[in-house]
Amino acid sequence: MLKYIVARSMWAIPTLIFVSFISFVIIQLPPGDFVTAYAAQLRNSGDFISETEEALMRARYGLNDPLLVQYWRWISNIVLHGDFGRSLEWNAAVGDLIWERLGLTLLISTLSMVFTWLIAIPVGVYSATRQYSVFDYVFTVFGFLGKGIPDFLLALVLMWMTYIWLNLDVGGLVSPQFEGQPWDLPKIVNMLSHIWIPLLVLATGGAAGLIRVMRANMLDELRKPYVETAYAQGFGERTVVWRYPVRIALNPFISTVGWALPALFSGDVITAVVLNLPTTGPLLLQALKMQDMYLAGSFILILSVFTVIGTLLSDILLALSDPRIRFS
Amino acid sequence: MLAEQVKAGKLPPVEQRLPEKPTVLQAAEVGKYGGNWQRAYKGPGDRWGPTKLMEERVVKWSQKPGGPLELVPGYISSYSVSADSREFTFTLLKGLKWSDGEPVTTEDVRFWYEDVFMNKDLLASIDQTLAPGGKPMQLEIVDEQTFKVKFEEPYVYFLEILAKDSTGDPSLDRPSFLFPKHYLKQFNNKYASEDELTAAALKFGVEKWTDLWGSKGAATAWWQNPDLPVITAWKIEKPAPGDVVTMVRNPYYYAVDQAGNQLPYIDRISHKLFSDQEAFNLMIVQGQIDMQMRYVEPQDFTFYKENEAKGGYKVHRWTQAQTWSLVPNLNVKDEVLRGLFETSDFREALSVAIDRETVNELIFSGLAEARQASPVSGSPNFDPELETHWAEYDPDKANALLDGVGLDKRDDEGFRLRPDGKRLSIVVEIEHSNGPKTMEVVAANYKDIGVELLPRIIDRTQWDADRDNNEFQMQWYPFDRLSVVAADPRIMMGNDSYAHQYYIWYTTKGASGIEPPADHPIRTLFADWDKAAKAADRKEADAALNDLIKTFVTQGWVIGVVGELPAISVVKDNFKNFPDDLIEDDITRGIGLGATQQMWMAQ
């Protein structure tokens, strides 16, 4: 087992180098560079910067250097100094920008994942054990609806409804008077009154799919002889269902738990943009749009690291939860 | 806020902070101090939002509702222009102070000129607006308050340029001639040693000391460095990257209201970050925005109006100095199309074929005006005849004109054939949110005259790149700077517009770009500007400039569709002294024309 983990970790290094390089290149593929995008943004808001100024900026940011040189400058600083470089747009250290928003992102994503599981697992089990019952159909309909409605649309509708009916201020994570204040009890309470919208939105989308997966897996398992045997032994339904088939049916959840890590980081970008959440998602989107390559590149790099670690984690968890799986 | 600081002994009393004779700004009504003005902003790229709230110039534009634009002195007590328009004399307010209490003198002007503006390490080349004919402006310090700026050639429009662009590089803050020497000399290679400069760069987290300077320089950009002394009404308190960027009152601001109260009235301005337009709109209807013009969009007008009572605000309107226009590319690479675009009758046909009223009703909620791309009302260059030039809807005439230029053959779908036998199609690039809907209407209009219009939605960067590389046929564009044309006639001369390559040829004196044919009317336009730029007296210059505008509009190079749109703002019910009916333009500095210093919030 230990040997396996070490081997997997070694493999992660070339993977990460490759991914970081590719992502850096991809960011630079669209026409123009950061200065073009910046000038376009200025023009959009009714301003010009002169061509001399553009040239000066390019020189200052080293945008005229070959791609490899730019990549090397960036990656060597990360590896040697833990310095992710500077965001050209924000004129601030990438590290400061990312870590500041990461806490809230992790909070929202973790809560929404827990929330999703809390909905999906019981409902999936219920639907499978009561196949074709009225509630099975009801859950199925809701499940498909949840899957079908885009998250951002649901977010907009929810924001609008809470505003019209409850007259709550939505959008953002705290009311304006708490913005920029230190975290204290009233602020946390205020945040809880906001956070349920993103949680609900993210959970409905995620839960719908998981319900179907859970239901299908359970149906497979329930038909197997060991279930029959268990019943024959005289165990009650609750014991039989929750002790064995559920455990097996959870396999896909466990093997994808690793993907939750990068998802935690990128969040649901569009939903976060619509809800005006101070998470990492909108920052990443903007960085890509502006070709702010050090910021965007660092995002993707961290995302890849999370994916690699997450997958490793999944594999270990799976081995622990399902004794039938062995590494050879 | 300040009275408490005076009591605590942190600030001298107000009479010691003001200049001897402070500038009097006539407030709509005398206000009360205090308040936190809440706005929203889109991140660092949106820093013009905060900047335009409080820019300072030696001369600024001012306008009474519906009246003409005029220049008024800013932080100077007086200015004069020599008879030949080569010498401009400015006298600083006596007792004017930086936000840290240090006096502002011509020493700061000298520092700006000698150590920054003419410093090759900081500014490799000087923008031509400040160096007409390649010769940079010259400075003469007369005494502690007075300085002169001189040019070799007459420069009639220099004051207009100062009011818009000020002295430009290296700081985009554009404070007109002033840099706080007592603070900035520690970052300048004429005063600080190499080691000190390196240490300063390290402290601000930039690579080279020159990175401290310039448009986004860590030390000289007002919105990034709270330590930088300024003369603006507010100064930065908490810079980005924070979710809320705040600015706080400058206790040494130089202007007072008619009752002698120091301005501004409002203590603090908070800008909350947002990224999505709908999120911003929700902030408005929830009453979270006290006053804002930027990003308040005419297409959401109905939505804002419906929620006025609930959000406790009112929608106010100014007039935008822009006309939404179709811009054909006179330099397009397709030779047949270029020939057509260069034909006056063809351009006229494209213009009169558009049903502007329908566009206005369907897409702009009837708030705009069907018009040509020409100066807006309120502009000193306004001419009612130019406004309606070729703007009458007349598809029959358009058809006749097209038949007249030899485009009388049609294919089986009814589209006209070009001389080379291909279908007459024009690809129009659109990037703005009103583009797709507008192009539906225009494409239907053009179908009636047998011209196929093919809208393409593209990204803004691609859009700019296509124009720079001469790769577009036509673009849908808000043609702006139609208020004081003298302050920035560039786009009227083809720059970033209908004849970018001709304009490059003109500015590079033939070194690059495309040379217009010998009899091309754009040559008259260029000649008009040469005349206006070098004219010794104002009358002569204005006459030449008006000729330029007339040539531009009557040639119909740009096909204006709708303009004089409202620039709308949301203003909370307790937010006072917001003026109505002014002109919104980059030239007039956006919301700055409304003199935000005199606005106040009832508690």
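Looking at an unreviewed UniProt entry, one finds chain B named ABC transporter substrate-binding protein and attributed to Ciceribacter thiooxidans. Within the UniProt record for chain B, the comment given under Sequence similarities (unreviewed entry) is "Belongs to the bacterial solute-binding protein 5 family." Quoted verbatim from the Subcellular location (unreviewed entry) field of UniProt, the annotation for chain B is "Periplasm".

An unreviewed UniProt entry lists chain A under the name ABC transporter permease, with Ciceribacter thiooxidans given as the organism. In the Sequence similarities (unreviewed entry) part of its UniProt record, chain A is described as follows: "Belongs to the binding-protein-dependent transport system permease family." Heading Subcellular location (unreviewed entry) of the UniProt record for chain A holds this comment: "Cell membrane".

### A few points about the overall build of chain B
The helix and strand inventory of chain B stands at 20 helices and 24 strands. Along the first, second and third principal axes, the C-alpha atoms of chain B reach 85 × 60 × 45 Å. A total of 603 residues make up chain B; the buried ones form 62% of that total. Of the charged side chains in chain B, 67 are positive and 93 negative, and the gap between their average positions amounts to 4 Å.

### Observations concerning the overall build of chain A
Across its full length, chain A holds 16 helices and two strands. Here chain A holds 328 residues, and 48% of them are scored as buried. Of the accessible surface of chain A, which amounts to about 16,200 Å², a share of 71% is contributed by carbon and sulfur atoms. Distance from the positive charge centre (21 side chains) to the negative charge centre (23 side chains) of chain A: 12 Å.

### Section: the packing of helix 6 (residues 134–148) of chain A against helix 8 (residues 185–222) of chain A
Residues and elements named next belong to chain A. The interhelical angle for the contact between helix 6 and helix 8, taken along N-to-C directions, is 135°, at an axis separation of 7 Å. Taken together, the axes of helix 6 and helix 8 lie oblique to each other. Here helix 6 runs over helix 8; the crossing is left-handed. Where helix 6 approaches helix 8, its residues Asp 136, Thr 140, Gly 143, Phe 144, Gly 146 and Lys 147 are matched on the opposing element by Thr 204, Gly 205, Ala 208, Gly 209, Arg 212 and Arg 215. Looking at side-chain class alone, the contact of helix 6 with helix 8 contains two nonpolar, six polar and four charged residues.

### Examining the packing of aromatic side chains
Residues and elements named next belong to chain B. Evaluation of the coordinates by the stated rule reveals 48 aromatic pairs over all chains. A ring pair is formed by Phe 147 and Phe 177, whose centres lie 5.3 Å apart and whose planes are at 65°; its orientation type is edge-to-face. Of the two residues, Phe 147 is situated in strand 8 (residues 146–150) and Phe 177 in the loop between helix 5 (158–164) and helix 6 (181–184); the sequence distance between them amounts to 30 residues. Like Phe 177, Phe 147 is buried.

### Details of the pattern of salt bridges
All names here are of chain B. Under the criterion given, the structure shown has 45 salt bridges over all chains. Of the charged contacts, one joins Arg 481 and Asp 480 as a salt bridge, the two residues approaching to 3.2 Å between their closest N and O atoms. By relative accessible area, Arg 481 is classed as buried at 3%. For Arg 490, the salt bridge is made with Asp 488, and the minimal N-O distance between the two is 2.8 Å. Looking at Asp 488, the relative accessible area reads 4%, which means it is buried. Within this structure, Lys 52, Glu 55, Arg 57, Lys 164, Asp 480, Arg 481, Asp 488, Arg 490, Asp 586 and Arg 589 form a network of salt bridges that share partners.

### A few points about the interface of chain A and chain B
Between chain A and chain B, the residue contacts involve 50 residues of the former and 58 residues of the latter. Taking both sides of the interface into account, the surface hidden between chain A and chain B amounts to around 4,600 Å²; carbon and sulfur atoms contribute 50%. Run the count over chain A and chain B and you get zero salt bridges. Scanning the region where chain A abuts chain B turns up three residue pairs in polar contact (both at pLDDT 80 or more). Contributing elements (two or more residues each) for the side of chain A that touches chain B: helix 2 (34–44), helix 3 (51–61), helix 5 (94–129), helix 7 (151–166) and helix 14 (269–275) of chain A. Considering every element that reaches the side of chain A that touches chain B, the biggest residue donor is helix 2 of chain A, with nine residues. For the side of chain A that touches chain B, the residue count by class is 27 nonpolar, 13 polar and 10 charged.

### Brief notes about the confidence of the model for chain A
The predicted model of chain A averages 80 in pLDDT, with 93% of residues at 70 or higher. The weakest mean pLDDT in chain A belongs to helix 13 (residues 257–266) of chain A at 67; the strongest belongs to helix 9 (residues 225–232) of chain A at 86.

### A look at the side chain of Glu 308 of chain B
All names here are of chain B. The topology assignment puts Glu 308 in helix 10 (residues 308–311). On the basis of relative accessibility, which here comes to 13%, the residue Glu 308 falls in the buried class. Within the local environment of Glu 308, its side chain forms a polar contact with the backbone nitrogen of Val 315, the two atoms lying 2.8 Å apart.

### Quick look at the pairing of strand 18 (residues 452–457) of chain B
Residue and element names in this part refer to chain B. Examined bridge by bridge, strand 17 (residues 425–430) and strand 18 share six bridges and lie parallel to one another. Residue pairing across strands places Val 427 opposite Leu 454, the latter belonging to strand 18. The handedness of the strand 17 to strand 18 crossover, carried by helix 16 (residues 435–448), is right-handed.

### Here we look at the packing of helix 5 of chain A against helix 8 of chain A
Residue and element names in this part refer to chain A. The contact between helix 5 and helix 8 brings their axes to 5 Å, and the two run at 35°. For the pair helix 5 and helix 8, the crossing hand works out as right-handed. Grouping the amino acids of the contact of helix 5 with helix 8 by side-chain chemistry returns 25 nonpolar, six polar and one charged.

### Notes on the nonpolar core
Counting residues in each nonpolar core, the largest one holds 204 residues, and the members touching the most others are Phe 177 and Tyr 446 of chain B. Discounting residues that sit within four places of it in the chain, Tyr 446 of chain B has contacts with Leu 326, Leu 350, Ala 353, Ile 354, Val 451, Leu 453 and Ile 559 of chain B.

### Thoughts on the confidence of the model for chain B
Across chain B, pLDDT averages 91, with 99% of residues at or above 70. For this predicted complex, the interface confidence reaches an ipTM of 0.71, while the overall pTM sits at 0.82.

### Details of the UniProt feature "transmembrane region" (unreviewed entry) in chain A
Taking the UniProt record as the reference, the feature "transmembrane region" (unreviewed entry) is found at residues 12–29, 104–125, 137–166, 195–214, 253–275 and 295–320 of chain A. The distance separating the terminal C-alpha atoms of residues 12–29 of chain A is 26 Å; by composition the span is 94% helix and 0% strand.

### Examining unusual backbone geometry
Residue Pro 264 of chain B is bonded to the preceding Leu 263 of chain B through a cis peptide linkage, with omega at -5°. Relative to the helices and strands, Pro 264 of chain B resides in the loop between strand 11 (255–256) and strand 12 (268–273). Of note, the phi angle at Tyr 132 of chain A is positive, near 65°, even though the residue is not glycine. For Ser 365 of chain B, which is not a glycine, the phi torsion comes out positive at approximately 50°. Tracing the backbone shows Ser 365 of chain B in the loop between helix 13 (356–363) and strand 16 (369–370).

### Describing the sheet that holds strand 23 (residues 583–584) of chain B
Residue and element names in this part refer to chain B. Ordered by their spatial adjacency, four strands build an open sheet running 13-21-14-23, and the pairing between neighbours is mixed. The two strands at the open ends of the sheet, each matched to only one other strand, are strand 13 (291–292) and strand 23. One ladder, built from two bridges, connects strand 14 (residues 313–320) with strand 23; its direction is parallel. Looking across to strand 23, one finds that Thr 319 is bridged to Ile 583.

About the criteria used
Residues numbered from 1 in each chain as written. Chains lettered and ligands numbered in written order. Predicted model: local features only at pLDDT ≥ 70, side-chain atom pairs only at ≥ 80, totals over all residues. Heavy atoms only, no water. UniProt positions renumbered as here; feature names shortened; annotations may be inferred. Helix = DSSP H or I, 4+ residues; strand = E, 2+ residues; numbered from the N terminus. Buried < 20%, exposed > 50% of the residue type's maximum accessible area, 1.4 Å probe, protein only. Lys, Arg positive; Asp, Glu negative; His and termini not counted. Charge placed at Lys NZ, Arg CZ, Asp CG, Glu CD. Areas by Shrake-Rupley, 256 points an atom, 1.4 Å probe, with all protein chains shown as cover. Axes fitted to C-alpha atoms, helices over the stretch in contact; angles between N-to-C directions. Parallel < 35°, antiparallel > 145°, perpendicular 65-115°, else oblique. Left-handed = near helix turned anticlockwise from the far one by under 90°. Contact = heavy atoms within 4.5 Å. Nonpolar A, V, L, I, M, F, W, Y, C, P; charged D, E, K, R; others polar. Phe/Tyr/Trp six-rings, centres within 6.5 Å; stacked < 30°, edge-to-face > 60°. Salt bridge = Lys/Arg side-chain N within 4 Å of Asp/Glu carboxyl O. Buried area = accessible area lost by both parts, 1.4 Å probe. Polar contact = N/O pair within 3.5 Å; in protein donor to acceptor, adjacent residues only side chain to side chain. pLDDT = per-residue confidence, 0-100. Pairing = 2+ DSSP bridges. Right-handed = clockwise from strand over helix to strand, strands pointing away. Core = buried A, V, L, I, M, F, W, Y, C linked by side-chain atoms within 4.5 Å.

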